[in-house]
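One letter stands for each residue in the lines below.
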Amino acid sequence: MKSLGLFLLAWCLCSLYAVGDASDVEKALVKQLFTGYNLKVRPARTVEERVVVRIGMILSSFGGLNMKNEEMSTTVIMNMEWSDHRLSWKPKEHDGIEVLRIPAAKVWLPDIVLINNNDGVFDVALHVHVQIYSSGRVTWTPPALFCSSCGVKVTYFPFDWQNCSMQFRSYTYDSTEIELQHTLDAKGKEIREIQLDEAFSESGDWVIRHKLSRKNMNDDLYEDMTFYLIIERKPLYYVINIIIPCILITIIAIFNFYLPPDAGEKMGLSINVLLTLTVFLLLLADKVPETSLAVPIIVNYIMFTMILVTFSVILSVVVLNLHHRSPNTHLMPMWVRKIFIHMLPPYLGMLRPKKETPLSLLTLETPHRQEINMMAINRAADEYFIRKPNTSLLFPKPNRYQPESMCTDLRKFIDGPSTYLTLPTELKSAIEAITYIAEALQAEKDYEALKEDWQYVAMVVDRMFLWIFVVFTTVGTLAIFADASFNHTPTDAFKDT
């Protein structure tokens, strides 16, 4: 038992000695490498030599695109690599040490920053240690939370796609001093795209269609490595919460023309729909950037709907004006009667319960026809006491579409229309009373009939506007959103970059 304890103690002491020895070796190596090392001098053997810096990116999460501020938020891991001949050693001379991890502040850095940032933060979020290999290869993988500017195209919002980029370049060295290249994979091939982290999760608003990178040469002799994210919006949120409610509100506005004028809610319904669309327009104003370069397609649709509803308010006033007209204030022109009572109703699917008087009977009689009628009236007066009078003579029913001068009644016979007959005074008074009563009854019927005609014209106009608005709304909606269906994400990722 005692011998076992001594063995364990000896083993622990040997382990501590080995660890301390390895630490001392690494400390000595670091001291050797950084003796006389100047981190402000780029690692080039000659003045003409360019330092090759390879840049890659791993996307950890996509924070989204702020349409209002036109900025894209991303969480990435930068992957930079270059060679520093001053930091190379022979592993055999230092107990086989292949790699060292040194604070980034102690070595030369290529000074790569995000040029098109939108919040004033150019550098990475955390300066982690760099890894130095025995061959002089230096790798640095710092995490970063970037907020980059992204010019937003709002024409097809919310059926749009955006091309956002992150432009990296050295803030100090131009192309005569460093050369930017793509990072390499395990097989030595260039990685010309943004890599996705294993824990990457897709955004609920956007889907990434392309994620490529490209090296660009600027006119000021500065090279940059640009990473492109071509993203396409998922429009389901806007379809459910804005577009479908707007379509339903438009349908309600259309059926305003089906509402009877006597209901008293035609104007109120139209104005309420107009106010509702104004609220939707104000909600969209907080989502879309303030630009005059283009108008979003959804705003075009809401404006189109608002114009239709505005016209529906105006036309509702016209319909109510027609509905409340009376013979005392307005005389119905013949062309109105011809178009809105006789011509349009059959095409609009409207049938009036009572049969309309044909237009041929509404025209004035010819003089020959009037002379024949007068002769018939004279004969009827001569036979007044011989046969039973015709009720049409006692109770005249003039056509309400003809002037009063064309009516035939017994007033013409009070003073005796015939040379052979003169009525007694008592009978004249009776006939005058009967004629007055008949005229009053007929006038009341004509008044109601003409008023019903105006109301029927209002109904026909209402139905006509209903079908016109159905056609215009359907065609306009299909035309506006059919245009958005052609806005596809390009198959060529660099088409618009």
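All values reported here derive from a predicted model rather than from experimental measurement. (Residues numbered from 1 in each chain as written. Predicted model: local features only at pLDDT ≥ 70, side-chain atom pairs only at ≥ 80, totals over all residues. Heavy atoms only, no water.)

Chemist: Is there a simple way to think about the overall build of the protein chain in this case?
Modeler: A count of helices and strands for the protein chain gives eight helices and 13 strands. Looking at the protein chain alone, contacts between residues at least 24 apart form 77% of all its contacts between residues at least 6 apart. When the accessible surface of the protein chain is totalled, it reaches about 29000 Å², and 61% of it is carbon and sulfur. (Helix = DSSP H or I, 4+ residues; strand = E, 2+ residues; numbered from the N terminus. Contact = heavy atoms within 4.5 Å. Areas by Shrake-Rupley, 256 points an atom, 1.4 Å probe, with all protein chains shown as cover.)

Chemist: I tried to follow the nonpolar core on my own but got confused; where do I start?
Modeler: Nonpolar side chains in soluble globular proteins generally cluster together in the buried interior. Counting residues in hydrophobic clusters, the biggest one holds 72 residues, and the most contacted among them are Leu65, Met78, Ile132 and Phe168. Not counting the four nearest positions on each side in its chain, leucine 65 is found in contact with Glu71, Met72, Cys150, Val152, Gln162, Cys164, Trp206 and Ile231. One finds Leu315, Trp454, Val461 and Phe469 within the second-largest nonpolar core, a separate group that totals 21 residues. (Core = buried A, V, L, I, M, F, W, Y, C linked by side-chain atoms within 4.5 Å. Buried < 20%, exposed > 50% of the residue type's maximum accessible area, 1.4 Å probe, protein only.)

Chemist: Would you mind going over the side chain of serine 175 with me for this structure?
Modeler: Within the fold, serine 175 resides in the loop between strand S8 (161-170) and strand S9 (178-182). You can call serine 175 buried: its relative accessible area is 8%. Setting aside residues no more than four positions away along its own chain, serine 175 makes contact with Arg50, Met217, Leu221, Tyr222 and Glu223.

Chemist: Looking at this model, I keep getting lost on the confidence of the model for the protein chain. Mind explaining?
Modeler: Note: predicted coordinates in regions of low pLDDT should not be interpreted at a detailed level. Averaged over the protein chain, the pLDDT score is 80; the fraction of residues at 70 or greater is 80%. Confidence, expressed as mean pLDDT per element, reaches its minimum in the protein chain at helix H6 (residues 367-382) with 44 and its maximum at strand S6 (residues 137-140) with 95. A low-confidence stretch, residues 13-20 (pLDDT under 50), is modelled with zero contacts involving residues beyond four sequence positions or located in other chains. Ignoring residues within four places in sequence, the model shows residues 400-411, a span with pLDDT below 50, making 29 contacts including any to other chains. (pLDDT = per-residue confidence, 0-100.)

Chemist: It is not clear to me how unusual backbone geometry should be interpreted in this structure. Could you clarify?
Modeler: Among all residues except glycine, the phi angle is most often negative; among peptide bonds, the trans geometry is most common. Following phenylalanine 157, the chain continues to proline 158 via a peptide bond in cis, the omega torsion being 5°. Positionally, proline 158 belongs in the loop between strand S7 (143-149) and S8. Even without being a glycine, glutamate 70 presents a positive backbone phi close to 55°. Residue placement: glutamate 70 occurs in the loop between strand S1 (51-66) and strand S2 (71-83). Looking at glutamate 70, the relative accessible area reads 29%, which means it is partly exposed. The backbone of aspartate 111 sits at a positive phi, close to 60°, despite the residue not being glycine.

Chemist: Please explain the environment of lysine 40 as it appears in this structure.
Modeler: The residue lysine 40 is located in the loop between helix H1 (2-33) and S1 in this model. Expressed as a C-alpha distance, the spacing of lysine 40 and valine 107, which sit 67 residues apart in the sequence, is 8.4 Å. Ignoring any residue separated from it by four or fewer positions in sequence, one finds lysine 40 in contact with Trp108 and Tyr173.

Chemist: Explain the pattern of salt bridges here, please?
Modeler: Should their charged atoms come close, side chains of opposite charge can pair. Per the stated rule, a full pass over the model turns up 12 salt bridges. For the salt bridge of arginine 209 with glutamate 232, the shortest nitrogen-to-oxygen distance reads 2.9 Å. Highlighted residues: arginine 209 in strand S11 (residues 206-210) and glutamate 232 in strand S13 (residues 223-233), separated in sequence by 23 residues. Judged by relative accessible area, glutamate 232 falls into the partly exposed class, the value being 25%. Residue glutamate 223 is joined to lysine 215 by a salt bridge in which the shortest nitrogen-to-oxygen separation is 3.4 Å. (Salt bridge = Lys/Arg side-chain N within 4 Å of Asp/Glu carboxyl O.)

Chemist: Looking at this structure, how should I read the state of the cysteines?
Modeler: In protein structure, a disulfide is the covalent linkage between the sulfur atoms of two cysteines. By the definition in use, this model includes one disulfide. The residue that forms a disulfide with cysteine 150 is cysteine 164, at a sulfur-sulfur distance of 1.9 Å. Disulfide cysteine 150-cysteine 164: the torsion about the S-S bond is -75°, which places it as left-handed. Within this pair, whereas cysteine 150 is found in the loop between S7 and S8, its partner cysteine 164 is found in strand S8, the two being separated by 14 residues in sequence. Relative accessible area serves as the criterion here: at 4%, cysteine 150 is assigned to the buried category. (Disulfide = S-S within 2.5 Å.)

Chemist: Would you explain the packing of helix H4 (residues 297-323) against helix H8 (residues 425-484) in this entry?
Modeler: When two helices pack together, their arrangement is captured by the angle between the axes and the distance separating the axes. It is the contact of H4 with H8, at a shortest axis distance of 10 Å, that shows an interaxial angle of 175°. Viewed along their axes, H4 and H8 adopt a mutual orientation that is roughly antiparallel. Along the lines of polarity and charge, the residues of the contact of H4 with H8 split into 18 nonpolar, seven polar and one charged. (Axes fitted to C-alpha atoms, helices over the stretch in contact; angles between N-to-C directions. Parallel < 35°, antiparallel > 145°, perpendicular 65-115°, else oblique. Nonpolar A, V, L, I, M, F, W, Y, C, P; charged D, E, K, R; others polar.)

Chemist: Would you mind showing me how to read the packing of helix H5 (residues 334-348) against H8 here?
Modeler: Relative orientation of the contacting elements H5 and H8 amounts to 50°, with a least axis distance of 10 Å. In this view, H5 runs oblique relative to H8, as classed from their interaxial angle. At the point where H5 passes H8, the crossing takes the left-handed sense. Here H5 contributes Val336, Arg337, Phe340, Ile341, Leu344, Pro345 and Leu348 to the contact with H8, which in turn contributes Leu450, Asp453, Tyr456, Val457, Val460, Val461, Arg463, Met464 and Trp467. (Left-handed = near helix turned anticlockwise from the far one by under 90°.)

Chemist: Is there a simple way to think about the packing of aromatic side chains in this case?
Modeler: Remark: the centre distance and the inter-plane angle together describe each pair of aromatic rings, the angle taken between the planes. Counting across every chain of the model gives 13 aromatic pairs. Plain terms: the ring middles of phenylalanine 34 and tyrosine 37 are 5.2 Å apart, the flat faces sit at 70° to each other, and that makes the pair edge-to-face. Judged by centre distance (5.8 Å) and plane angle (55°), the rings of tryptophan 108 and tyrosine 173 are tilted. Here tryptophan 108, found in the loop between strand S3 (99-102) and strand S4 (112-114), pairs with tyrosine 173, found in the loop between S8 and S9; they are 65 residues apart in sequence, far enough to count as distant. Using a relative accessible area of 1% as the deciding quantity, one classes tryptophan 108 as buried. Members of the aromatic cluster, joined through ring pairs, are Trp82, Trp108 and Tyr173. Arginine 137 extends its terminal NZ or CZ atom over the ring of tyrosine 133, reaching a point 4.3 Å from the ring centre. (Phe/Tyr/Trp six-rings, centres within 6.5 Å; stacked < 30°, edge-to-face > 60°. Lys NZ or Arg CZ within 6 Å of the ring centre and 35° of its normal.)

Chemist: I would appreciate a short explanation of helix H2 (residues 236-254) in the present structure.
Modeler: Given 3.6 residues to a turn, an α-helix orients residues that are three or four positions apart in the same direction. Taking 1.5 Å per residue, 19 residues should reach 27 Å; H2 reaches 26 Å between its end C-alpha atoms and fits that length. Considering bend angle alone, the principal kink of H2 is centred on isoleucine 243 and spans about 30°; proline proline 245 follows within four residues of it. Looking at the buried side of H2, the elements it contacts are S13, helix H3 (266-285), H4 and H8. (Expected span 1.5 Å × (residues − 1). Bend = angle between axes of the 7 residues up to and from the residue.)

Chemist: For this particular structure, what's the right way to read the side chain of serine 270?
Modeler: Mapped onto the secondary structure, serine 270 falls in helix H3. Judged by its relative accessible area of 1%, serine 270 is buried. Separated by 3.2 Å, the side chain of serine 270 and the backbone oxygen of lysine 266 make a polar contact. Once you skip the residues sitting within four places of it in the chain, serine 270 turns out to touch Asn256, Val309, Ser312, Val313 and Ser316. (Polar contact = N/O pair within 3.5 Å; in protein donor to acceptor, adjacent residues only side chain to side chain.)

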